[in-house]
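Overview (structure and organization)
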Amino acid sequence: MAVDTERTSPPAPRTPRRARGGLRHRLAERGVDRVLLLLLPALLVVIVLFLYPMMYGVGLSLQPQKGGGTLANYRVFFDDPYQRDTIWKTLRLALPAALINVGVSVPIAYRLRGRFRGRRVLTAILVLPVTLGTVLVADGLLRYLGPKGWFNRILLDLGLVDQPVRLIYNYWGVLFSLIITGFPFAFLLVLAYMSGIDPTLERAAATLGAGPWQRIRRVLLPLLAPGLATTFVLAFVLAFSVFPSANLVGEPADETRVMAIAAYQSAFEKYDYSMASTIAVLMGAFELLVIAVTFVLRGRLYTGPAAGGKGS
């Protein structure tokens, strides 16, 4: 009787086939996900619009127009008191503006983080200066705080002053402008961080006997510290690059001659693009210095993740 060889013979061994997604699994084992490929366009934009111009500017700053060596522009800048003082004048505006914007945002965001009637209206009013722009804010300051503005007229009518108070075309005018234009950004960031902290943590601290100030100091502020550091950095960078305000409501030839104005004058008045690039590079260096100090201080004052937020 014939034997059915198809049923009795053992099946031929199959050659192992490469598993689907083998490359994807190997990348995943190394912590790389294909979703990260979506970052390539952003990375390309950063390289083209940030890294390349930055490196080009650094190279241009090392090619002094008048000769004298690679670092001649930097020596000329620091040897000239008129140029060197722009560093202090810029920091003197940017640091207080950033600190005030962040400091004022914290208590306001603390009161507005809950749900109550009129919350959205108040938030919209506080962020309204974002829609105005620097030029309109400067124009408003000129009209309201000028020698013939309503503020000085009220002071004169009340007999509080004998002559108009000078609040524009000086340091204070630029500082007011930076606070008005920078506060909405700081407030929105602080409000977002504040809203992400679980309120049950404060209620738990209250049940343990912690008072309002203790809850803020021991619970709220430690969790808010990373967000405050980030907000301060962004507010500082925004204020450090002050240019329109320093021209419109400041004294660009003296008291508010900031680094941005010095770079503009070198590039478009003296046509010394090498020196302008030098000043721009120094602006970036001082910004990075303040940012580094901020995050070092944050690391010393706060350790650990910001637990307790939404989704944690």
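Below, the structure is looked at part by part. Predicted model, so just to flag it, every value in this text is computed and none were measured. (Residues numbered from 1 in each chain as written. Predicted model: local features only at pLDDT ≥ 70, side-chain atom pairs only at ≥ 80, totals over all residues. Heavy atoms only, no water.)

If you check the backbone angles, tyrosine 169 has positive phi at about 60 degrees while not being a glycine. Among the structural elements, tyrosine 169 can be located in the loop between helix H8 (150-157) and helix H9 (171-195). By relative accessible area, tyrosine 169 is classed as partly exposed at 43%. The phi dihedral of tyrosine 271 is positive, around 55 degrees, even though this residue is not glycine. Looking at the element boundaries, tyrosine 271 is found in the loop between helix H13 (259-268) and helix H14 (273-301). (Helix = DSSP H or I, 4+ residues; strand = E, 2+ residues; numbered from the N terminus. Buried < 20%, exposed > 50% of the residue type's maximum accessible area, 1.4 Å probe, protein only.)

Position of glutamate 287 among the secondary structure elements: in helix H14. Buried and without a salt bridge, glutamate 287 has arginine 257 as its closest oppositely charged side chain, separated by 17 Å. If near-sequence neighbours (up to four positions away) are discounted, glutamate 287 is found in contact with Phe236, Val237 and Phe240. (Lys, Arg positive; Asp, Glu negative; His and termini not counted. Salt bridge = Lys/Arg side-chain N within 4 Å of Asp/Glu carboxyl O. Contact = heavy atoms within 4.5 Å.)

Before going further, it helps to spend a moment on the packing of helix H4 (residues 72-79) against helix H5 (residues 81-112). Two elements in contact, H4 and H5, have axes whose closest approach is 5 Å; the angle formed by their N-to-C orientations is 80 degrees. Comparing the axis directions of H4 and H5 gives the class roughly perpendicular. In this structure, H4 contributes Phe77, Phe78 and Asp79 to the contact, and H5 contributes Pro81, Gln83, Arg84, Thr86 and Ile87. The class makeup of the residues in the contact of H4 with H5 is four nonpolar, two polar and two charged. (Axes fitted to C-alpha atoms, helices over the stretch in contact; angles between N-to-C directions. Parallel < 35°, antiparallel > 145°, perpendicular 65-115°, else oblique. Nonpolar A, V, L, I, M, F, W, Y, C, P; charged D, E, K, R; others polar.)

The next thing to look at is the packing of aromatic side chains. In this structure the tally under the stated criterion is eleven aromatic pairs. Each ring, one from phenylalanine 232 and one from phenylalanine 236, has its centre 6.3 Å from the other, and the planes form 20 degrees; the classification is stacked. With phenylalanine 232 and phenylalanine 236 both in helix H11 (residues 212-240) and four residues apart, this pair spans about one turn of that helix. Judged by relative accessible area, phenylalanine 236 falls into the buried class, the value being 1%. Centroid distance phenylalanine 236 to phenylalanine 240: 5.3 Å. Interplanar angle 45 degrees. Geometry classified as tilted. Placement of both phenylalanine 236 and phenylalanine 240 in helix H11 is noted, with a separation of four residues, approximately one turn of the helix. For phenylalanine 240, a relative accessible area of 1% translates into the label buried. The structure contains a cluster of three or more aromatic residues connected by ring pairs, namely Tyr144, Trp150 and Phe151. In this structure, arginine 92 is placed above the aromatic ring of tyrosine 171, and the distance from its NZ or CZ to the ring centre is 4.1 Å. (Phe/Tyr/Trp six-rings, centres within 6.5 Å; stacked < 30°, edge-to-face > 60°. Lys NZ or Arg CZ within 6 Å of the ring centre and 35° of its normal.)

Here we take up the side chain of aspartate 272. Note on placement: aspartate 272 falls in the loop between H13 and H14. Apart from the residues within four sequence positions on either side, aspartate 272 is in contact with Gln65, Ser266 and Ala267.

With that settled, the discussion passes to the pattern of salt bridges. The final tally for this structure, using the stated rule, is three salt bridges. Between aspartate 254 and lysine 89 there is a salt bridge, with its nearest N and O atoms 3.9 Å apart. You can see aspartate 254 sitting in the loop between helix H12 (244-248) and H13 and its partner lysine 89 sitting in helix H5, a full 165 residues away along the chain. The class of lysine 89 is buried, set by a relative accessible area of 15%. Salt-bridge contacts for aspartate 139 lead to arginine 143; the nearest nitrogen and oxygen are separated by 3.0 Å. In this pair, aspartate 139 and arginine 143 both sit in helix H7 (residues 133-145), four residues apart, roughly one turn of the helix. Look at arginine 143 and you get exposed, because its relative accessible area is 58%.

What follows concerns the environment of glycine 114. Along the polypeptide, glycine 114 turns up in the loop between H5 and helix H6 (119-126). Each C-alpha atom of the pair glycine 114 and methionine 194 lies 9.9 Å from the other, and the pair is 80 residues apart in sequence.

In this model H7 runs 18 Å from its N-terminal to its C-terminal C-alpha over 13 residues, within 8% of the 18 Å that 1.5 Å per residue would give. As for H7, its buried residues are in contact with H8, H9 and H12. (Expected span 1.5 Å × (residues − 1).)

In this model H9 runs 35 Å from its N-terminal to its C-terminal C-alpha over 25 residues, within 8% of the 36 Å that 1.5 Å per residue would give. The N-cap of H9, judged by a side-chain oxygen 3.3 Å from the amide nitrogen of tryptophan 172 a few residues on, is asparagine 170. (Polar contact = N/O pair within 3.5 Å; in protein donor to acceptor, adjacent residues only side chain to side chain.)

In a pair of packed helices, the angle between the axes and the distance between the axes together describe the arrangement. Contact geometry of H7 with H8 gives a least axis separation of 5 Å together with a crossing angle of 15 degrees. It follows that H7 is roughly parallel to H8 by the angle criterion. Contact residues: Arg143, Tyr144 and Leu145 in H7; Trp150, Phe151 and Asn152 in H8. Partitioned by chemical class, the residues of the contact of H7 with H8 number four nonpolar, one polar and one charged.

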